[in-house]
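Coordinates in review
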Amino acid sequence: MFKKVDAKVSFPKMEEDILTFWEAEKIFEKSVEKDSPQGDFVFYEGPPTANGRPGLHHVLARSFKDIIPRYKTMKGYRVERKAGWDTHGLPVELQVEKALGLKNKQDIENIVPGDVRASIIEFNKKCKESVWEYRDLWEKLTRRMGYWVDMEHPYVTYENEYIESVWWQLKQIADMKNKEGESFLYQGHKVVPYCSRCGTALSSHEVAQGYKVVKDLSVTAEFPLLNETVKTSVLAWTTTPWTLPGNVALAINKNITYVTLEKKDEGSGERVRFIVAKDCLKNIFGEEGYTIVEEYLGEKLVGKSYQPPFAYYTSDTSLKNHENGWKIYHADFVTTEKGTGIAHEAPAFGEEDMDLARAEKLPIIHHVTLEGLFEKEVTDFPGLFAKPKEDPQATDVEIIKYLARQGVLFSKEKYEHEYPFCWRCDTPLVYYAKPSWFIRMSELQDDLVKNNQSIQWVPEHIKEGRFGEWLRGAKDWAISRERYWGTPLPIWQCETCEYIKVVASLKEITELSGQTLADVHKPYIDDVTFPCKCGGVMKRTPEVMDVWFDSGAMPLAQFLYPNQADEETKKKIVGEKYFPADYICEAIDQTRGWFYTLHAVATLLHKAKKVPTGNAYKNVICLGHLLDAEGKKMSKSRGNVIDPFQMFEEFGADPLRWMLFSINQPGLPKRFDLKGMRDVQNRVFRMLWNSYSFFVTYANIDEWEPSLEKDGEYKSAVSKNYLDQWILAELHGLINAVNDNLENYDVYGATKEIEQFIDNLSNWYIRLNRNRFWKNENDKDKEDAYTTLHQVLVILAKIMAPFTPFISEEIYKSLTKKESVHLAQYPQKALISFVDEGETLMMLMRSVRLTVSSGLQQRSQNKIKVRQPLSQAKINFPELEKLKDENGKLFDELVDIFLRELNVKTVVFDSSVEVGVAIIDTEITPELKLEGEAREIIRAIQEGRKKAGFNVEDRITLGYVGKEHVFDVFQDMITKEVLATTVVKRTLSDAEYEETVEIEGGKFAFTLKRV
């Protein structure tokens, strides 16, 4: 006997029971430890930060992370799945700042008034506590959704041993030299994206995550030339008016044609002269109102001096390179595509500006502090924020007003463009010249692109598109952060000779300094000094590392390689057992986050000959973002966030996982709504469960048990019944398709194949075969039906196990009495033998269903119920007619399908009918109408049996009033269908159920009583 099936099962309750079973029997652990003839399959878990609540988008990512390891485990691989926690960086610091009511870095250093060291200790202590605030909720989510990952032994990025591995990896990079003999790790004074709120620089891949489309102000300002006989102003254009107080030069292109023109001043009426690029003339002045005085190449302007609109620094002769300031210089980057063909230069706030400043030895003015405020020298705007978070254009407006008052504002306009904001605190970034530590990624662009060629990306277009483009434009990686809670940079520098040493382990620190550290974080590590070979003192550079380096280093650091790793682990890493990963998965924003840093670190370490390949991963599924039903991003402020735990409680984890797998291809944005969830639950899970319930119900009634082979496996179905052969052929095709899809990481494609099969199984195979399970007096045919359906359900449970681990477990355990489907072998391609005509059978059946569908459509158009018998259907089906002589039995079975599905008395073959179409005779004779009423009566009684809670096999006594004329003709048919042993023409006084319904305009009352 099989376990009794509750037709109205609660999927959430069933899943909770299975979770309890998995944990009690350690099924996950057994799945990892079982025989793995295929060897290792390596999966890397991208580490989340547990200082925020997990959301529905985390279920999306974790579902895709889970499915491939489950599949590969069933395919015979050993798949270790080590969980990880990302614990450092700005996300954590900002949350602590908010909790403590801190506004900026200065507040952090003043937590303990007057004691910076004690303040940092307290702040980092709070950070360490914060990272575990929601750990229980994350672990609960992971457990409840059925994501199998080892959370008992996770890697934690703040632990000393993990940090040591990060240090070691950076040391290998520092020891690498480029063609010029320079280290790949260097300190440079470069213009970097900078967040004044967080007080730190950001790397290019961090900046890429924070762009927004904004409306900004651009300005064309007048810069009067000095020593000219006629007053002439150069018109320079800028999109950053707030940088104008830091102007030290103007840039033109010596190969561009410029013009000096005269124009009537609209205010004074005097003639004034301006200089602009000729190609920009019409965009600035229109077609008329000016006279061109002179036309020349830009080289004529080089070296000329001008009066800047702000003169705060022009008289400061102590300013380095002061003598070269406020002149016109040539720059190749100047074009005529926008503006005036003349660029304002403020080297402290622009990368190209700084390059020009280095080449021409220009003065560099930092008129904005690291806190984002104008310096006191900017006397008209002291203490004003350059880019206020609340109103990023506010300062630009003030600058424009000042220019207008001074009479040097030529024009202003609004324009729409993308502007970078801090990806964590949402403050507008500024580009700021400051010292930072860099890795020379720009010198490895070719290596990055080459290594990407061997990675399989899903979706494929990401490879050469979003990711490939990023690699081709890779910039040097700014890895230092002026923060507190992070992996300290392991760089010590001599105060005397500036010698630099990169340390790779705690052991090395102890050997150099004699100090032993229990905690390597700031400020403890800042206390470590040691003597330089020159006799000076080596002190650590104060910065911490970009948190993305922590996560990019995880392939080795998760195993504490090499400092704390055992010899076996070291061999596995060097021997490509643990490196690279066979599979990773995250959202699309990680193309410039984790996907990139993994790839960058692997490329660097391979270049240093420390890892066997330049790829950290071989296959990656890149997920689109999750949206609400209207296509809007889910957010608390919009009130459209859906709680994943609510979904688990209402629908279960399996339907939620399936919904996320099957909405669309993984790289596309996914609209999520409750209507879709209900559809998935009914269309896939209820349908599958009903098929399983049908089998168990009738198998238990007949006390049917499957036969076992010697090895304990269940015998394969061998049946001559066409429908059995067809469903097995379809199952074989499903096995092949799902294997192919999952081998190619096409999860979406696999779900579509499975959904179609479940529909075939429930709405066609079982529906057409009901009588074989119940009213079949042919023992061999009944055995074939049970054996076939049993095998189909068992194998379908195996196929679906990686997708829907709960319902698959329930069905498999019940039908096989084995421990777990997740310890079973995944169905192999060509596993099931079926008749050679299997493919032909499937094509034939598809044609049958198409033809039946056309006939049912005619019924619908004529508003004739399917239960109403009709006289005939005409079809043109050449393939079926051929079978009449070749295979009479199959011909009869297919014709019988037409008779039953179209509910007609005869099928007529007519070559004049369109192939694939059934023409139904819609005339309803009195005899046919009477039989139709009989079938309606049967339907009403069967529904009554269900409502009364009768078992399928229960015999009944039927009492009725009304429709006696129908019973006069069809009582035997009605009695047989509803399992009535006695029929009386009256209602039963002791009935267990009674109901009155309307059938074809007449009342029909019936009562039911179990015998």
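This is a predicted model, so every value here is computed, not measured.

Topic: the nonpolar core
- Among the nonpolar cores identified, the biggest contains 149 residues, and Phe-672, Phe-695, Leu-761 and Phe-803 are the most heavily contacted of them.
- The element that contributes the greatest number of residues to this core is helix H23 (residues 674–701), accounting for 13 residues.
- Every residue in contact with Leu-761, bar those within four places of it in the chain, is listed here: Ser-691, Ile-727, Ile-766, Leu-789, Val-792, Leu-793 and Leu-796.

Structural notes on the packing of helix H8 (residues 160–175) against helix H16 (residues 506–513)
- Viewed as axis vectors pointing N to C, H8 and H16 meet at an angle of 80°, and their least axial separation amounts to 9 Å. Compared by their axis directions, H8 and H16 come out roughly perpendicular. Here Asn-160, Glu-164 and Trp-167 of H8 lie close against H16, whose contacting residues are Leu-506, Lys-507 and Ile-509.

Thoughts on the pattern of salt bridges
- Scanning the model with the defined rule gives 69 salt bridges in all.
- Here Asp-526 ties to Lys-522 by a salt bridge, and the two come within 2.9 Å at their closest N and O atoms.
- Here the residues in one salt-bridge network are Glu-15, Glu-16, Glu-23, Arg-143 and Arg-144, joined through shared partners.

Remarks on helix H19 (residues 567–574)
- Among the residues making up H19, those that are buried are Thr-569, Lys-572 and Ile-573. Taken around the axis of H19, the buried residues stretch over an arc of 100°, which confines them to a single face. Along H19, the residues that are exposed and aim more than 90 degrees away from the buried face are Glu-567 and Lys-571.
- Each element contacted by the buried residues of H19 is listed here: helix H18 (554–557).

Observations concerning the environment of Arg-135
- For Arg-135, the location among the structural elements is in helix H7 (residues 135–144).
- When the C-alpha atoms of Arg-135 and Asn-51 are compared, they prove to be 7.6 Å apart, with 84 residues separating the residues in sequence.
- With sequence-adjacent residues up to four places away left out, Arg-135 is seen in contact with Ala-50, Trp-85, Met-151 and Pro-154.

As for the sheet that holds strand S20 (residues 491–494)
- With antiparallel pairing, 4 strands are arranged side by side in an open sheet as S21-S20-S23-S22. Both outer strands of the open sheet, strand S21 (500–502) and strand S22 (529–531), are each paired with one neighbouring strand and no more. Strand-to-strand twist across the sheet, computed as the mean angle between neighbouring axes with direction ignored, equals 25°.
- The pairing of S20 with S21 spans 3 bridges and is antiparallel. The partner of Gln-493 across the bridge, within S21, is Ile-500.
- On the sheet, H16 packs against S20, S21 and S22 and is oriented at approximately 55° with respect to S22.

Parameters at a glance
- Residues numbered from 1 in each chain as written.
- Predicted model: local features only at pLDDT ≥ 70, side-chain atom pairs only at ≥ 80, totals over all residues.
- Heavy atoms only, no water.
- Core = buried A, V, L, I, M, F, W, Y, C linked by side-chain atoms within 4.5 Å.
- Buried < 20%, exposed > 50% of the residue type's maximum accessible area, 1.4 Å probe, protein only.
- Helix = DSSP H or I, 4+ residues; strand = E, 2+ residues; numbered from the N terminus.
- Contact = heavy atoms within 4.5 Å.
- Axes fitted to C-alpha atoms, helices over the stretch in contact; angles between N-to-C directions.
- Parallel < 35°, antiparallel > 145°, perpendicular 65-115°, else oblique.
- Salt bridge = Lys/Arg side-chain N within 4 Å of Asp/Glu carboxyl O.
- Arc of directions from axis to C-beta.
- Pairing = 2+ DSSP bridges.

On their own, these measurements won't tell you what the molecule is for.
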